[in-house]
Amino acid sequence: YPSIPSKIFLDCFQQQVFLLDQNGARVEDRPAVERPVAGHGAELVAEGWIVPGLVDAHCHLLGSEVENPNPGEVLERARRAGVSGFVVVGTHLEDSRAVLGLARSRNDVAASLGVHPHEAHAWNAETEALLADLLKDSACRFVGEAGLDWHYDFSPREAQETVFRAQIRLARRL
């Protein structure tokens, strides 16, 4: 495909692509159309140019808090809107296992596995060992939902700090 000038913007709702010059002035509009892609729906192209895809860098598609229990349906709808990749996040071990399964089954999904600060109260040596094993899988690209959340304090702050440090150590080993 020919190179795309300077900057390109995609209006997913209007399925329109517009190009900007180096000064940010709009220089050209092109219609965007869907082109089927084997294995994962479609991608948007503009007169032969593949439109750089958007990546949802943090999405929750599995677990009890998710309204639509069919992640494939959600992913396909997002792909039709121009999103080409997804980082799906696990918030605890059970959720992380499900996220890993989804990432193994789709080449447009990368897994981010970890234990959310709200779940830090349940962390123990077994949790750490099981998470370490999950993180070795090639479908896992990130250690995620790791951090501190002192707004709600669903887990004691000391436990959150312990779990955060442990997950940093796990990430550094990978």
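Use the structure listed above.
Let me sum up the structure you'll find in this document. (Residues numbered from 1 in each chain as written. Predicted model: local features only at pLDDT ≥ 70, side-chain atom pairs only at ≥ 80, totals over all residues. Heavy atoms only, no water.)

Two elements in contact, helix α2 (residues 93-105) and helix α3 (residues 125-135), have axes whose closest approach is 11 Å; the angle formed by their N-to-C orientations is 10°. When the axis of α2 is compared with that of α3, the two are roughly parallel. Contact with α2, carried on its side by L93, S96, R97 and L100, involves T127, L130, L131 and L134 of α3 and no other residues of that element. Residue classes in the contact of α2 with α3 are distributed as 5 nonpolar, 2 polar and 1 charged. (Axes fitted to C-alpha atoms, helices over the stretch in contact; angles between N-to-C directions. Helix = DSSP H or I, 4+ residues; strand = E, 2+ residues; numbered from the N terminus. Parallel < 35°, antiparallel > 145°, perpendicular 65-115°, else oblique. Contact = heavy atoms within 4.5 Å. Nonpolar A, V, L, I, M, F, W, Y, C, P; charged D, E, K, R; others polar.)

Oppositely charged side chains can form a pair if their charged atoms are brought close together. In this structure the tally under the stated criterion is 6 salt bridges. Between E76 and R106 there is a salt bridge; the shortest N-O distance is 2.9 Å. One end of the pair, E76, is in helix α1 (residues 71-80); the other, R106, is in the loop between α2 and β9 (109-113), with 30 residues separating them in the sequence. Accessibility expressed as a relative area gives 23% for E76, which makes it partly exposed. D108 is paired through a salt bridge with R106; the nearest N and O atoms lie 2.8 Å apart. We classify D108 as buried; its relative accessible area is 6%. Ionic contacts of the salt-bridge type, sharing partners, join the residues E76, R79, R106 and D108 into one network. (Salt bridge = Lys/Arg side-chain N within 4 Å of Asp/Glu carboxyl O. Buried < 20%, exposed > 50% of the residue type's maximum accessible area, 1.4 Å probe, protein only.)

Even without glycine at this site, E145 takes up a positive phi of about 70°. Here E145 is to be found in the loop between β10 (140-143) and α4 (157-173). Of note in this structure, D153 is not a glycine but carries a positive phi near 55°. Mapping D153 onto the fold places it in the loop between β10 and α4. We classify D153 as partly exposed; its relative accessible area is 36%.

Let us now look at the side chain of D95. You can see D95 is positioned in helix α2. Summary of buried charges: D95 has no salt-bridge partner, and the nearest side chain of opposite charge, R97, is 10 Å away. Residues in contact with D95, not counting those within four places in the same chain, are L62, G63, V89 and G90. (Lys, Arg positive; Asp, Glu negative; His and termini not counted.)

Sheet strands pair via backbone hydrogen bonds, and the direction of the pair is either parallel or antiparallel. Strand order in the open sheet formed by 4 strands is β7-β8-β9-β10, with parallel pairing between adjacent strands. In this open sheet, the two strands that pair with only one neighbour each are β7 (54-59) and β10. Averaged over all neighbouring strand pairs, the angle between strand axes comes to 25°, with direction disregarded. (Pairing = 2+ DSSP bridges.)

Bringing the pairing of β9 into the picture now. Most of β9 is tucked away: 5 of the 5 residues are buried. Burial of the side chains of β9 extends over both faces: V109, A111 and L113 are buried on one face and A110 and S112 on the other. By the bridge criterion, 4 bridges tie strand β8 (residues 83-89) to β9 in an arrangement that is parallel. Bridge pairing links V87 to A110 in β9. One crossover worth recording links β8 to the parallel β9 by way of α2, and it is right-handed. The sheet contact formed by β9 and β10 spans 3 bridges and is parallel. Residue A111 lies in a different strand from β10, and its bridge partner there is C140. (Right-handed = clockwise from strand over helix to strand, strands pointing away.)

A word on the pairing of β8. Within β8, 6 of the 7 residues are buried, leaving the element largely enclosed by the surrounding structure. Relative to β8, β7 runs parallel, the two sharing 4 bridges. Along β8, the bridge assignment pairs D56 with F86.

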